[in-house]
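What the coordinates show
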Amino acid sequence: MVQINGNYLKLKAGYLFPEIARRVKAFAEAHPEAQLIRLGIGDVTEPLPLACREAMKTAIDAMGTHEGFHGYGPEQGYLWLREAIAKHDFQARGCQISAEEIFVSDGSKCDSANILDILGPENRIAVTDPVYPVYVDSNVMAGRTGDADGNGQYGGLTYLPINAENGFSAQIPSEPVDLIYLCFPNNPTGAVATREQLKAWVDYACANGALILFDAAYEAFIQDPELPHSIYEIDGARECAIEFRSFSKNAGFTGTRCAITVVPRGLMGSSADGESAELWALWNRRQSTKFNGVSYVVQRGAEAVYSAEGQAQVKALVAFYMENAAIIRRELTAAGLEVYGGEQAPYVWLKTPEGVDSWGFFDQLLNEAHVVGTPGSGFGAAGEGYFRLSAFNSRANVEEAMTRIARGCLMPATAGAAA
């Protein structure tokens, strides 16, 4: 019998979002009349920007000609897209990032897992708790952790709790670690990091020879002009950080698939025997071997994000979702819940009513309000007692969901406190 990768057996029952989908499917089959509103998974609902659609249509027409046909493209991405990304997303903010240091991919989720291919198995790993599950699960799959304990925490990982008591700001580890996952604006809590906070992490990484894996998938939703959008706005970050970005949420590419990973030239690591190696070269080799690139049509659509029309349309999309977040914050606060996030990110993170755990609140919303959210415990042990709602939906659905929640599914003590 073929031997399996036994590390998969260490994973908890199921990846969070498929588990939610399973429960929702069972409920929908049992209650076909229910009009479900889904504020759980962070999938967008609004159409692709017109500028992107038109660029894709033009690219498709070009593919129907001998002159405009494109077969295999460069694994790193077409230069014209990488130059636009470097100019608008990084150089415009004072970041010294060149097109050569940008890799176009089919998703930052994929890259945040695939990056482990070029990193050694003995690295000491730090993650926030709660955490985007992919960071943890990909390390489990790769055999870089021990077994999970009763709280779902895996041996071999350093967990950095983030909660209301510490302002959702992870503390610098007291012991040296080698690999640090940071996500700002944060998924799931919606928290952000100041320049001073990121500087502390960069200084720590440089002093300890550590590598920061910085997930900036939600940077477009930052409203405060004083907050950094990129780790590379911080001095020293080129020597210690890789950044992941995506077109999924700002431009609605969740079903179209296009993202970027930035690996600065000169960012170094070492082998087990102490030999130095440039991470850019290793990632380039990995991509050339295991990845065939994003389609020409999709990359033309992504390029259109940086046109004047595209910038205006993306800005409008971001504003639409952030208004949804503001509605969720306002209505849940008025209902007596403790609410966080939703001001610089499209996620609202709330305390569950007293005496109700995360999955209990999930079931309560589903059964009584027919609203789907995400239990905080699915993001880690420190997420227990919290719950995430996504602002990615239509305005009518968001308003209706808030009416249902306030009207029918809050615990009596909570509802009474709001009265």
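Residues numbered from 1 in each chain as written. Predicted model: local features only at pLDDT ≥ 70, side-chain atom pairs only at ≥ 80, totals over all residues. Heavy atoms only, no water.

**Structural notes on the pairing of strand E4 (residues 157-161)**
- In the sheet, strand E3 (residues 125-129) pairs with E4 via 5 bridges, with the strands oriented parallel. Counterpart to Ala 126 in the pairing with E4 is Thr 158.
- The handedness of the E3 to E4 crossover, carried by helix H5 (residues 133-141), is right-handed. (Pairing = 2+ DSSP bridges. Helix = DSSP H or I, 4+ residues; strand = E, 2+ residues; numbered from the N terminus. Right-handed = clockwise from strand over helix to strand, strands pointing away.)

**What to know about helix H10 (residues 358-369)**
- Compared with an ideal rise of 1.5 Å per residue, which puts 12 residues at 16 Å, H10 spans 16 Å between its outermost C-alpha atoms and is within 8% of the ideal.
- Of the residues one or two after H10, His 370 is the one with positive phi, at around 55 degrees. (Expected span 1.5 Å × (residues − 1).)

**Quick notes on helix H3 (residues 79-90)**
- Between its terminal C-alpha atoms H3 stretches 15 Å, which fits the 16 Å expected from 12 residues at 1.5 Å a residue.
- Within the span of H3, buried status applies to Leu 81, Arg 82, Ala 84, Ile 85, Ala 86, Asp 89 and Phe 90. (Buried < 20%, exposed > 50% of the residue type's maximum accessible area, 1.4 Å probe, protein only.)

**Quick notes on the nonpolar core**
- Membership of the largest hydrophobic core comes to 63 residues, with the highest contact counts inside it found for Phe 90, Ile 212, Tyr 232, Phe 247, Phe 253 and Cys 258.
- Apart from the residues lying within four places of it in its own chain, the contact partners of Phe 90 are Ile 85, Cys 95, Ile 97, Ile 102, Ser 230, Tyr 232, Glu 243, Arg 245, Ile 260 and Val 262.
- Residues Leu 332, Val 348, Leu 389 and Met 402 belong to the second largest nonpolar core, which totals 36 residues. (Core = buried A, V, L, I, M, F, W, Y, C linked by side-chain atoms within 4.5 Å. Contact = heavy atoms within 4.5 Å.)

**Structural notes on the pattern of salt bridges**
- Taken as a whole and judged by the stated rule, the model has 18 salt bridges.
- Across the salt bridge formed by Lys 25 and Glu 29, the nearest N and O atoms sit 2.6 Å from each other. Pair noted here: Lys 25 and Glu 29 are both in helix H1 (residues 16-30), with a separation of 4 residues, about one helical turn. Grouping residues by exposure puts Lys 25 and Glu 29 together as exposed.
- Across the salt bridge formed by Lys 199 and Asp 203, the nearest N and O atoms sit 3.1 Å from each other. Highlighted residues: Lys 199 and Asp 203, both in helix H6 (residues 195-208), separated by 4 residues, approximately one helical turn.
- Since its relative accessible area comes to 32%, Lys 199 is described here as partly exposed.
- Asp 203 gets classed as partly exposed once you look at its relative accessible area, which sits at 38%.
- Within the structure, one salt-bridge network assembled from shared partners comprises Glu 19, Arg 22, Arg 23 and Asp 363. (Salt bridge = Lys/Arg side-chain N within 4 Å of Asp/Glu carboxyl O.)

**Some details on unusual backbone geometry**
- The omega torsion across Phe 184 and Pro 185 is -10 degrees, close enough to zero to call that bond cis.
- Within the element layout of this structure, Pro 185 appears in the loop between strand E5 (179-183) and H6.
- Omega for the bond connecting Asn 187 with Pro 188 falls within 30 degrees of zero, at 25 degrees, which places this linkage in the cis form.
- Position of Pro 188 relative to the elements: it lies in the loop between E5 and H6.
- For Phe 168, which is not glycine, the phi torsion reads 55 degrees and is therefore positive.
- Note on placement: Phe 168 falls in the loop between E4 and E5.
- Relative accessible area serves as the criterion here: at 7%, Phe 168 is assigned to the buried category.

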